[in-house]
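# Chains, contacts and geometry: an overview
So you can see what is in the structure, the chains are spelled out below.
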Amino acid sequence: MKKVIEVNNLTKEYKGVKAVDDLSFDVNEGEILGLLGPNGSGKSTTINSILSLLNYKSGNIKIFGKKMDTNAYDIKSKIGVVFQDVAVFDELTVYENIDYFCGLYITDKNKRKQYVSDALDLVGLKEFTKFRPKQLSGGLLRRLNIACGIAHKPKLIFLDEPTVAVDPQSRNNILDGIKKLRDNGATIVYTTHYMEEVEILCDRVIIIDKGKIIATGTVDELKNLSNIKEKVTVEVLDLSDKYIEEIMSLKNVDSVIYQNNELFVTYKKGKNNIVEMIDYFKNKRINYSKIFVERPTLNDVFLELTGKELRD
Amino acid sequence: MFLHNFIYALKILCKNKVLIFWTFAFPIILGTLFNLAFSNISNSEKLDVIDIAVAGENINSNFKESIDILSNKDNSDKLFNTKYVTLNEAKKLLDDEKIVGYIYNEKIVVKKSGIEQTIFKYVVDEINSKINMSSSIFQAEISKEIENGNYNINYELINKKVNDQLNTKVSLNDTSNKNLDYVMIEFYTLIAMACLYGSLLSMTCLNNIMPNMSNEGKRLSISKTKKVSLILSNLCASYLVQLVGLLILFTYTIFALHVNYGSNLIYIILLSLAGSLAGLSLGVVVSIKFKVGENAKIGILIGIVMFWCFLSGMMGITMKYIVDKNIPILNKINPANMITDGFYSLYYYDTLDRYLLNVISLIVFSLLLLVISILNLRRQKYDSI
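Note that the coordinates shown come from a computational prediction; the quantities given were computed from them, not determined experimentally. The written sequence of each chain sets the order in which its residues are numbered from 1. Chains and ligands are labelled sequentially in the order written, the chains with letters from A and the ligands with numbers from 1. The model is predicted, so local features are restricted to residues of pLDDT at least 70 and side-chain atom pairs to those at 80 or more, both for listing and for counting; the totals for chains, interfaces and linings are taken over all residues. To get the side-chain values, take all heavy atoms of the structure and skip hydrogens and water.

## Topic: the nonpolar core
One broad trend across soluble globular proteins is that nonpolar side chains are buried collectively. Residues belong to a common nonpolar core when they are buried Ala, Val, Leu, Ile, Met, Phe, Trp, Tyr or Cys residues joined through side-chain atoms within 4.5 Å. Buried, partly exposed and exposed residues are distinguished by accessible area as a fraction of the type maximum, computed with a 1.4 Å probe on protein chains only: under 20%, between the cut-offs, and over 50%, respectively. Residues I98(A), Y100(A) and F158(A) are the most contacted members of the largest nonpolar core, which totals 96 residues. In this view, I98(A) contacts V116(A), A119(A), L120(A), L144(A), A147(A), C148(A) and A151(A); residues no more than four positions away in its chain are not counted. Pairs of residues are marked as contacts when any of their non-hydrogen atoms sit within 4.5 Å.

## A closer look at the sheet that holds strand 13 (residues 262–267) of chain A
Within a sheet, each strand pairs with its neighbour through backbone hydrogen bonds, oriented either parallel or antiparallel. Residues and elements named next belong to chain A. Here we have 4 strands laid out as an open sheet, ordered 12-13-11-14, and antiparallel in their pairing. The outermost strands of the open sheet, each flanked by one partner alone, are strand 12 (253–259) and strand 14 (290–294). Between one strand and the next, the sheet's axes are offset by a mean angle of 15°, whatever the strand orientation. Along the sheet, helix 10 (residues 273–283) contacts strand 11 (230–235), strand 13 and strand 14; its crossing angle with strand 11, the most-contacted strand, is approximately 25°. For two strands to be treated as a pair, DSSP must find no fewer than two bridges joining them. The helix count covers DSSP runs of H or I at least four residues long, the strand count covers runs of E at least two residues long, and both are numbered beginning at the N terminus. Inter-axis angles, ranging from 0 to 180 degrees, are taken between N-to-C directions of lines fitted to C-alpha atoms, where helices are fitted over the stretch in contact.

## Here we look at the packing of helix 4 (residues 61–71) of chain B against helix 6 (residues 115–147) of chain B
Residue and element names in this part refer to chain B. Between helix 4 and helix 6, the shortest axis-to-axis distance is 10 Å and the interhelical angle comes to 140°. Here helix 4 is positioned oblique relative to helix 6, judged by the angle of their axes. As helix 4 packs across helix 6, the resulting crossing turns out to be right-handed. The residues of helix 6 that touch helix 4, namely those facing N62, F63, S66, I67 and L70, are V123, V124, I127, N128 and I131. If an angle is under 35 degrees, it is roughly parallel; if it is over 145, roughly antiparallel; if it lies from 65 to 115, roughly perpendicular; otherwise it is oblique. Crossings are sorted by hand: turned counterclockwise from the far helix by less than a right angle, the near helix makes the crossing left-handed, and turned clockwise it makes it right-handed.

## Focus: helix 3 (residues 94–103) of chain A
Counting buried positions along helix 3 of chain A gives 9 out of 10 residues, so the element sits mostly inside the fold. Along helix 3 of chain A, the residues classified as buried are V94(A), E96(A), N97(A), I98(A), D99(A), Y100(A), F101(A), C102(A) and G103(A).

## Looking at the packing of aromatic side chains
All names here are of chain B. Two rings belonging to Phe, Tyr or Trp (six-membered ring only in the last case) form a pair when the distance between their centres is within 6.5 Å. Interplanar angles under 30 degrees mark stacking, angles over 60 mark edge-to-face geometry, and anything in between is tilted. Here the structure, examined in full by the defined rule, presents 21 aromatic pairs over all chains. Taking 5.0 Å as the distance between ring centres and 80° as the angle between the ring planes, the aromatic pair formed by F250 and Y261 counts as edge-to-face. Of this pair, F250 sits in helix 10 (residues 227–256) while Y261 sits in the loop between helix 10 and helix 11 (265–289), and the two are 11 residues apart along the sequence. Here F250 and Y261 have matching classes, each one buried. On the basis of an interplanar angle of 55° and a centroid distance of 6.2 Å, the ring pair of F250 and F343 is categorised as tilted.

## Re the pattern of salt bridges
The rule for a salt bridge is simple: a side-chain nitrogen of Lys or Arg has to be within 4 Å of a carboxyl oxygen of Asp or Glu. Under the counting rule described, the total for this entry stands at 26 salt bridges over all chains. Its salt-bridge partner being K11(B), residue E96(A) comes within 3.3 Å of it at the nearest N-O pair. One end of the pair, E96(A), is in helix 3; the other, K11(B), is in helix 1 (residues 2–14), on a second chain. What makes E96(A) buried here is its relative accessible area of 13%. For D203(A), the salt bridge is made with R182(A), and the minimal N-O distance between the two is 3.1 Å. With D203(A) in the loop between helix 7 (195–201) and strand 9 (204–209) and R182(A) in helix 6 (residues 168–183), this pair connects stretches of sequence that are 21 residues apart. Judged by its relative accessible area of 32%, D203(A) falls in the partly exposed class. Accessibility expressed as a relative area gives 22% for R182(A), which makes it partly exposed. Within this structure, K18(A), D21(A) and K212(A) form a network of salt bridges that share partners.

## Some remarks on the domain arrangement of chain B
Residue ranges for the domains originate in an automatic or database domain assignment. Each domain of chain B was delimited in the assignment, giving domain 1 (2–39 + 181–377) and domain 2 (41–169). Put simply, the middle of domain 1 of chain B and the middle of domain 2 of chain B, counted by C-alpha atoms, are 39 Å apart.

## Topic: the interface of chain B and chain A
With 29 residues of chain B at the contact, the number on the chain A side is 37 residues. The buried area of a pairing is the accessible area, by a 1.4 Å probe, that goes missing from both parts when the two are put together, added over both. Surface buried jointly by chain B and chain A totals about 3,300 Å² across both partners, of which 58% is contributed by carbon and sulfur atoms. At the junction of chain B with chain A, the criterion picks out 2 salt bridges. We note a salt bridge from K15(B) to E96(A), for which the minimum N-O separation is 3.2 Å. Taken together, the elements giving at least two residues each to the side of chain B that touches chain A come down to helix 1, helix 9 (215–221) and helix 10 of chain B. By the convention adopted, Pro, Cys, Tyr, Trp, Phe, Met, Ile, Leu, Val and Ala count as nonpolar, Lys, Arg, Asp and Glu as charged, and the other residues, Gly among them, as polar. Residue composition of the side of chain B that touches chain A, by class: 9 nonpolar, 10 polar and 10 charged.

Encoded structure:
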């Protein structure tokens, strides 16, 4: 598979502290690579170093097979970036903002008009073209931010936490838009600390903490790294200690926690453990209101690898 | 690409209400207030003749001549009512408050402080200073002639040389054959302020395109547009907006406030261009050198410009005299003073020497700041953004 980005041994220091520590990874053509990590883990610094916005201590970065630097305008012409902070001009309307940034790449006016229209469609801002950024809600503003970054139809797109502080409706809209971009052939690097987004979007995930890669693979591969295979949750009133001890002794059970009328049971191996749990409650004639099973999340993986939550 | 950036930079600047207020509206408001406050000052000053006395008998003839000119009833700019009296009589007149003060041994004696006393002191100081200066130059010229072995000295020629030298050395109120209108100085400083307020435009433009200063700058810097094209298009846009603002101010002050800047239109334009360039370069250097937010930079620029305008006489012409007299270097490096003095010399002098010196000083000032800025702008990557 063709490599779009090659990062080798990237190290970036701020005042002697390593923000990115010997990072190496590739991004393949047409994939969505997720950079997952808590705030301050080095995701944005990695992106800014790849984009040659930041000095870095050591390492090699190639994009489209060529060395990336500030004067690599041929590479830059194929890149689109959506920064974590909204980067639009308050003085311009929605349309003007997209047109301005798109015009930095597309000089043909008619072509640009079409591209701007496509970008407006993609992010669902067609009705807001004459609005100023300050007149938009947080979610709509984020969508404008994305439109400005991708209107010129780049082959490689960096999305740095594009859904931070966004309402659920806008988030779904944004995620749908990103899928469309991938479907149109773009390669995407997506940084976030929302594991749900990574699970929905990403073909491959790199988990970063303290500037280091701590795990990499597909979502399923990463989940398989977890010692926990299944989690069963039961909503049940006044479960006595006797029953809890019995549940603990059931097959494959690793841990049992009962709090606030909720029973959390984890399993280190086996499949469909929920069946045995349902049988147990049935046999003991214990009534429960809800029971469901979950696979381990990326947060569980992160918790096991680092001892802390992703959103800590 | 240049045109695309230029057009959008223009749009961004013209829709920025804060910038438009400071660069367009504020000078017009201030000009209107100047007009309301000072429109009758020239006339009223003529009525305020100051009563003084000259005591003693051994009075320097040049000094007496100067006082007599300023006390001549036929002089439309008559400043003093002068009585020549004995020292005791002078003291009595002062005690009886019939005079503001008296001159004894070319020094003034006053009893209290006030505007009339200040004017009296300033004028006498100026006369003394002028006499001392002419005396020194005269002596130097004679010594030079003697050193050259020329004992047949042409005093008339030396006198002309002295006058020529004095004309190039004196400051505001000496050599003009036109009436000095202090209100004009206020409007000159207003133009200077408007020129230098252009710094707000260039500062904002730079902030918008530099990746270490704004998010928009980050986005622009990863585009395929070359940095030099971005910077030039934005600075050209800011310069154009600045000149339009200046044109509006000139139009308003000339046609609505009836301010007469003189008839040398080409020179006025040249000085305005140079002054605006100084403003532009000031904005660029502040944008690059001060690592603070945009509002803080606006505050810094307004502070700097107002301080410079204050020194060049915006809040009172006396300040310009005080600086000229005590710390002349301060006004030599003050672009607001260069612009004010440029307009002044264009209006009051028949030769262009002093005017051109100010224009060249402004260009040198601008180039110096721009060179400092370019050294910083060459930087491509940052340690943090």
